[in-house]
2 protein chains.
Amino acid sequence: MAVDRERVLKEAAALLTRRATTSMDEIARAAGISRATLHRHFAGRDALIRALEEHGIAQFAQAMDAARLEEGDAADALRRLIEEAEPVAAVLAFLFTENQLFEGGEINAGWARLDARITALFRRGQEEGGFRIDLSAAWLTEALYGLMGAGAWAVHEGRVARNDLNHSIAELLLGGIRRSMEK
Amino acid sequence: MAVDRERVLKEAAALLTRRATTSMDEIARAAGISRATLHRHFAGRDALIRALEEHGIAQFAQAMDAARLEEGDAADALRRLIEEAEPVAAVLAFLFTENQLFEGGEINAGWARLDARITALFRRGQEEGGFRIDLSAAWLTEALYGLMGAGAWAVHEGRVARNDLNHSIAELLLGGIRRSMEK
DNA sequence: AAATAGTGAGACATCAGTGTCTCATTCGGC
DNA sequence: GCCGAATGAGACACTGATGTCTCACTATTT
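Residues numbered from 1 in each chain as written. Chains lettered and ligands numbered in written order. Predicted model: local features only at pLDDT ≥ 70, side-chain atom pairs only at ≥ 80, totals over all residues. Heavy atoms only, no water.

Let us now look at helix α2 (residues 24–31) of chain B. Residues and elements named next belong to chain B. Taken together, the buried positions of α2 are Met24, Ile27, Ala28 and Ala31. Looking straight down α2, one finds its buried side chains confined to an arc of 100 degrees; they lie on one side. The elements touched by buried residues of α2 are α1 (5–18), α3 (35–41) and α4 (45–67). Looking at the residues trailing α2, positive phi occurs at Gly32, about 75 degrees. (Buried < 20%, exposed > 50% of the residue type's maximum accessible area, 1.4 Å probe, protein only. Helix = DSSP H or I, 4+ residues; strand = E, 2+ residues; numbered from the N terminus. Arc of directions from axis to C-beta. Contact = heavy atoms within 4.5 Å.)

We now examine the packing of aromatic side chains. The geometry of an aromatic ring pair is captured by the separation of the ring centres together with the interplanar angle, meaning the angle of the planes. Scanning the entire structure with this criterion turns up 6 aromatic pairs over all chains. Measuring from centroid to centroid gives 6.1 Å for Phe122 of chain A and Phe131 of chain A, while their planes differ by 45 degrees, and the two rings are tilted. Residue Phe122 of chain A is classed as buried on the basis of its relative accessible area, which comes to 0%. Ring centres of Phe96 of chain B and Tyr145 of chain B lie 5.6 Å apart, and the angle between their planes is 55 degrees; this geometry places the pair in the tilted category. Placement of the pair is Phe96 of chain B in helix α6 (residues 89–101) and Tyr145 of chain B in helix α8 (residues 137–156), with a sequence separation of 49 residues. With relative accessibility at 27%, the residue Phe96 of chain B sits in the partly exposed group. Look at Tyr145 of chain B and you get buried, because its relative accessible area is 14%. Within the aromatic cluster, the residues linked to one another by ring pairs are Phe60, Phe96 and Tyr145 of chain A. (Phe/Tyr/Trp six-rings, centres within 6.5 Å; stacked < 30°, edge-to-face > 60°.)

Take the UniProt feature "domain: HTH tetR-type" (unreviewed entry) in chain A next. In this numbering, the UniProt entry assigns the feature "domain: HTH tetR-type" (unreviewed entry) to residues 2–60 of chain A. With 75% helix and 0% strand, residues 2–60 of chain A has end C-alpha atoms that lie 27 Å from one another. (UniProt positions renumbered as here; feature names shortened; annotations may be inferred.)

Let's shift gears to the relation of the copies chain B and chain A. Superposition of chain B onto chain A requires a rotation of 180 degrees combined with a translation of 0.0 Å along the rotation axis, giving an RMSD of 0.0 Å. The two molecules are tied by a two-fold rotation axis, judged by turn and shift. Nearest to the rotation axis, the C-alpha of Gly176 of chain B is located 1.8 Å from it, this being the minimum over chain B. Comparing interface residues between copies, 100% of those in chain B also sit at the interface in chain A, which points to an isologous, same-surface contact. (Least-squares fit on C-alpha atoms with pLDDT ≥ 70 in both.)

One finds Phe60 of chain A together with Phe60 of chain B to be the most contacted residues of the largest nonpolar core, which totals 124 residues. Of the residues forming this core, the biggest block, 11 residues, is contributed by α8 of chain B. The two domains that each donate at least three residues to this core are domain 1 (1–42) and domain 2 (56–175) of chain A. Once residues within four sequence positions are removed from consideration, Phe60 of chain B is found in contact with Leu81, Ala85, Val88, Leu92, Leu114, Ile118 and Tyr145 of chain B. (Core = buried A, V, L, I, M, F, W, Y, C linked by side-chain atoms within 4.5 Å. Domains from an automatic or database assignment.)

Bringing the protein's contact with DNA strand D into the picture now. As a matter of local geometry, DNA strand D sits amid 19 residues, with Met24, Arg35 and Arg45 of chain A together with Val3 and Thr37 of chain B nearest to it. For DNA strand D, the fraction of atoms within 4 Å of the protein that belong to sugar or phosphate moieties is 46%. Within the contact set of DNA strand D, a phosphate oxygen lies 3.0 Å away from a backbone nitrogen or oxygen of Met24 of chain A. At a separation of 3.0 Å, a base oxygen of DNA strand D approaches a polar side-chain atom of Arg35 of chain A. (Near = heavy atom within 4 Å. Polar contact = N/O pair within 3.5 Å; in protein donor to acceptor, adjacent residues only side chain to side chain.)

On to the pattern of salt bridges. This model, assessed by the stated rule, comprises 20 salt bridges over all chains. Note that Arg19 of chain A and Glu26 of chain A form a salt bridge whose closest N and O atoms lie 2.8 Å from each other. Linking Glu171 of chain A and Arg79 of chain A is a salt bridge whose minimum nitrogen-to-oxygen distance equals 3.2 Å. Note that Glu171 of chain A is positioned in helix α9 (residues 162–175) and Arg79 of chain A in helix α5 (residues 74–85), a separation of 92 residues in sequence. Looking at Glu171 of chain A, the relative accessible area reads 10%, which means it is buried. On the basis of relative accessible area, Arg79 of chain A is assigned to the partly exposed category, the value being 31%. Each of the salt bridges in this network shares a partner with another, and the network as a whole consists of Asp76, Arg79 and Glu171 of chain A together with Arg132 and Asp134 of chain B. (Salt bridge = Lys/Arg side-chain N within 4 Å of Asp/Glu carboxyl O.)

Here the UniProt feature "DNA-binding region" (unreviewed entry) sits at residues 23–42 of chain A. Helix makes up 70% of residues 23–42 of chain A and strand 0%. Its end C-alpha atoms lie 14 Å apart.

To continue, consider the interface of chain B and chain A. Taken residue by residue, the interface counts 47 residues in chain B and 47 residues in chain A. Interface of chain B and chain A: buried area, both sides summed, is about 4600 Å²; carbon and sulfur atoms make up 59% of it. The interface formed by chain B and chain A holds 4 salt bridges in total. Between chain B and chain A we count 20 residue pairs in polar contact (both at pLDDT 80 or more) in total. Elements supplying a minimum of two residues to the side of chain B that touches chain A: α1, α5 (74–85), α6, α7 (109–128), α8 and α9 (162–175) of chain B. Ranked by the residues each element gives to the side of chain B that touches chain A, the list is headed by α8 of chain B, at 11 residues. Broken down by class, the residue content of the side of chain B that touches chain A amounts to 21 nonpolar, 12 polar and 14 charged. (Buried area = accessible area lost by both parts, 1.4 Å probe. Nonpolar A, V, L, I, M, F, W, Y, C, P; charged D, E, K, R; others polar.)

Here it is in structure tokens:
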């Protein structure tokens, strides 16, 4: 009887990542509940998106924990992060573009914390000598987001095999396109 | 008296890239014309987006021509492409996400042609030995789009200096994050 | 069995955006 | 200066989505 909040968020994420304008009605039906009930649990569409945001941020933070960003080689940590964050990538990309909409309201402070952790990883790699220093850590962070989003989309469109995804992102990000001598 | 179609498209692009839900009214006002006139020149919102798409595709194709993708070193050609395509990147990113919406209707065939040209560039680089072959040309194409989009956004958000943008994209894409011996 | 809380279905008002139309005005060419 | 074409301003109907509310039904609890 009690509504499964997790399931609602999951279904909402699945639909919204595919079409950002999915209506509350469609989301409700996908989650197997009535529109009235959906409104009882989420004050409105905005509230639902916010909840999705909170959830996505939490999941991403969890992925970071699981990836143990501070441990070992920075490149390996990055690989682990890509691996762990893969299931969240699509939602993240959706929320990312959705933030444009909230240009008036304040953005969730959680984003800054996530950014900071990733940027710290890149900076650590630079200080330890494994990462090049002529590209700013901030840009590398943005690039990671961009590649994760592009990757999720490419898989969705069937242009990249899901099995190759993490490897493709990590390898491109770490090694670049150019053929390298050192490997 | 005659409406400057170019200007309308330009203003529309500027607004829509910032907020995808910008209304026809706002676009009209930004372009300095009335909503009625806007409707006289573009049958409706869809038609406007389509026109924007056509325009964006044409501009991108033009950028490719200017970059002379078939000439010289593939890496240099890629650098030229990034350089030439920079002004179009934001619109392209917008159209890219907007295509999700047209999931019912058929997508513009122009995209496939653009993709093909870029993919051909990457393949050429692979065949000539300059680019690694363990990442598919299709994925590299998607990654290029992703990085261009992320870059445009990062500049808009002030996280990357506009002057560094092209260099940042090209260097990351070609060389990757890892510190390399060969340079 | 009774009481309670949660749900589904649907009605309803509201709102924003869209697309169409009319009419007065203005611009440009002749 | 005149005339036709294009424009601006506004009214209007329509649509789709949203948010609220009511009422009947069902599951859970005691």
